[in-house]
Amino acid sequence: MSEASTPRFRSVLDRFQAYKPGKVVVSPEGRSFKLSSNETPLGPLPSVLDAITEAAQRVNRYPDNTCAALIEAISARFGVPADHVAVGCGSVGVTQMLLEAVAEPGAEVLYAWRSFEAYPVLVALSGATSVQVPLTGEAHDLDAMADAITDRTRLIFVCNPNNPTGTVVRRAELERFLDRVPADCLVVLDEAYREYIRDPEVPDGLTLYPDRPNLVVLRTFSKAYGLAGLRVGFLVGHPAVAESIRKTYLPFSVNSLVQAAAVASLAAEDELLARVESTVKERERVRDALLADGWTVPPTDANFVWLRLGERTMEFSAACDAQGVSVRPFAGEGARVSIGTPEENEAFLAVARAFPHRN
């Protein structure tokens, strides 16, 4: 064997960039405000920490591979049968499970773009082909997405609210779209930011799926529930769909600590949702301040705001970095800025105010 020889890898690895998480930056004065990953800025509630501590005493044992207690808690909280639920390692893990269940070479996966940056990575790894439909007015163009469906379309993502723009799809337009989707094509309503929605016209996906066997609803404990560091997400769908998705579950990938923490979080939901309300108030304050300073900021129902900066995106990101404020830039497009504590938000607003931006 030649010394220059290397193992053979899938050719798809040469054609895309791996997912990159939000970075952490530090200013010359030692300040660091991480507004790049849409996390909650607040730590776990005491009752959740107690559950984690207790579960930690048993980490010499494998976790419950069926996640029975967690699925029972999800079933009780959301009023859905347990056999309609599948869990995974974060909503990204559940997304991968979905694609492993339906995608293959020759299949197409349809979604708006720009949307959640993990979609193209996971679709490429599944062997399927991405079909990206441009946003219009920073929101999903559901008519164009419906027009893009072919007999090869196996799965459609609708991210609601959309990441990174924060825009939403309302009930009437969503139902019209769902009526146009073939019954054998799976629609995934990605509701990672559901708890932050205040627009009454945006439907809860769990009220839509019972009458639509090809619709599944995707949720996460990473955002409003504050368990981003532990990783657990779930989907709700009809039994045939949920059963098929569960077959692709990587054994023991939802660990015992997060199972305990998620159950405790559901039990403490009133306290957690009070925290969400404080984030929503900060979100509105930040957007109002940006609008008053002359920025164009689309309405957002998530825990972040979106700035369309075009070719100045990386310049703006660098200005934020210099002040210890990390944001999520998408080169040539714009920057997504998570809502943090009031102090963190003020640090960001100071950078935005000083940046030449009138648009």
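Refer to the preceding data block for the structure.
Keep in mind that what you see is a predicted model, and the values were worked out from it rather than measured.

**Looking at the state of the cysteines**
Enumeration over the complete set of coordinates arrives at zero disulfides. In this structure Cys89 is a free cysteine whose sulfur lies 10 Å from that of Cys67, the closest cysteine sulfur available. Unpaired in this structure, Cys159 has its nearest cysteine sulfur neighbour in Cys185, at a distance of 17 Å. By relative accessible area, which is 3% here, Cys159 ends up buried.

**Observations concerning the side chain of Glu282**
Within the fold, Glu282 resides in helix H9 (residues 269–292). Within polar-contact distance, the side chain of Glu282 engages the side chain of Asn345 at 2.6 Å. Sequence-distant contacts of Glu282, defined by excluding residues within four places in its chain, comprise Ile339, Gly340, Thr341, Pro342 and Asn345.

**A short note on the environment of Thr300**
Positionally, Thr300 belongs in the loop between H9 and strand E9 (304–308). On the basis of relative accessible area, Thr300 is assigned to the buried category, the value being 4%. Separated by 104 residues in sequence, Thr300 and Tyr196 have C-alpha atoms that sit 9.3 Å apart. If we skip the residues at most four places from it in the chain, Thr300 touches Gly166, Arg283, Glu284, Arg287 and Val305. Reaching out from Thr300, the side chain makes a polar contact with the backbone nitrogen of Ala302 at a distance of 3.2 Å.

**Focus on the sheet that holds strand E6 (residues 186–190)**
With mixed pairing, the seven strands of this open sheet are ordered in space as E2-E8-E7-E6-E5-E3-E4. Strand pairing shows two members of the sheet lacking a second neighbour, strand E2 (85–88) and strand E4 (129–134), which therefore form its edges. Going from strand to strand, the sheet's axes swing by 25° on average, the running direction of each strand aside. Two elements, strand E7 (residues 215–220) and strand E8 (residues 233–236), share four bridges in a ladder whose sense is antiparallel. Note on E8: the bridge partner recorded for Val217 is Val236. In this fold helix H7 (residues 239–246) packs onto E2, E6, E7 and E8, with an angle of close to 25° to the strand it touches most, E2.

**A closer look at helix H1 (residues 46–56)**
Burial in H1 covers these residues: Val48, Ala51, Ile52 and Ala55. The arc that holds every buried residue of H1, seen down its axis, measures 100°, which confines them to one face. Exposed side chains of H1 directed beyond 90 degrees from the buried face belong to Pro46 and Asp50. Tucked inside the fold, the buried residues of H1 contact helix H8 (256–267).

**Quick look at the packing of aromatic side chains**
Inspection of every chain in the model, using the stated rule, returns 14 aromatic pairs. When the centroid spacing of 4.6 Å and the interplanar angle of 25° are considered together, the rings of Tyr62 and Phe252 count as stacked. Here Tyr62 is found in the loop between H1 and helix H2 (68–78), whereas its partner Phe252 is found in the loop between H7 and H8, with 190 residues between them in sequence. The exposure class of Tyr62 is exposed, given its relative accessible area of 68%. Judged by relative accessible area, which is 36%, Phe252 ranks as partly exposed.

**Some points on helix H6 (residues 171–180)**
Among all positions of H6, only Leu174, Phe177 and Leu178 are buried. Each buried residue of H6 lies within a common arc of 100° when the element is viewed along its axis, so the set occupies one face. Away from the buried face of H6 by more than 90 degrees, exposed residues Arg176 and Asp179 are located.

**A closer look at the pattern of salt bridges**
One pass over the full model with this rule turns up 20 salt bridges. Here Asp199 and Arg170 are joined by a salt bridge, their closest N and O atoms 2.7 Å apart. You can see Asp199 sitting in the loop between E6 and E7 and its partner Arg170 sitting in the loop between strand E5 (153–159) and H6, a full 29 residues away along the chain. Close ionic contact of Arg285 with Glu346 constitutes a salt bridge, the shortest N to O distance being 2.6 Å. With Arg285 in helix H9 and Glu346 in helix H11 (residues 342–354), the pair connects residues that are 61 residues apart, well separated along the chain. When salt bridges that share partners are traced, they join Glu108, Asp151 and Arg152 into one network.

**Some remarks on the sheet that holds strand E12 (residues 334–338)**
The strands that make up a sheet pair up through hydrogen bonds in the backbone, lying either parallel or antiparallel. Pairing is antiparallel in the open sheet, where three strands are placed in the order E9-E12-E11. If you trace the sheet from one side to the other, it starts and ends with E9 and strand E11 (328–330), each paired once. Neighbour to neighbour, the strand axes of the sheet diverge by 15° on average, direction disregarded. Pairing of E11 with E12, which is carried by three bridges, proceeds in the antiparallel orientation. In the sheet register, Phe330 faces E12, and the bridge partner there is Gly334.

The rules behind each value
Residues numbered from 1 in each chain as written. Predicted model: local features only at pLDDT ≥ 70, side-chain atom pairs only at ≥ 80, totals over all residues. Heavy atoms only, no water. Disulfide = S-S within 2.5 Å. Buried < 20%, exposed > 50% of the residue type's maximum accessible area, 1.4 Å probe, protein only. Helix = DSSP H or I, 4+ residues; strand = E, 2+ residues; numbered from the N terminus. Polar contact = N/O pair within 3.5 Å; in protein donor to acceptor, adjacent residues only side chain to side chain. Contact = heavy atoms within 4.5 Å. Pairing = 2+ DSSP bridges. Axes fitted to C-alpha atoms, helices over the stretch in contact; angles between N-to-C directions. Arc of directions from axis to C-beta. Phe/Tyr/Trp six-rings, centres within 6.5 Å; stacked < 30°, edge-to-face > 60°. Salt bridge = Lys/Arg side-chain N within 4 Å of Asp/Glu carboxyl O.

This is a description of form; function is not addressed.
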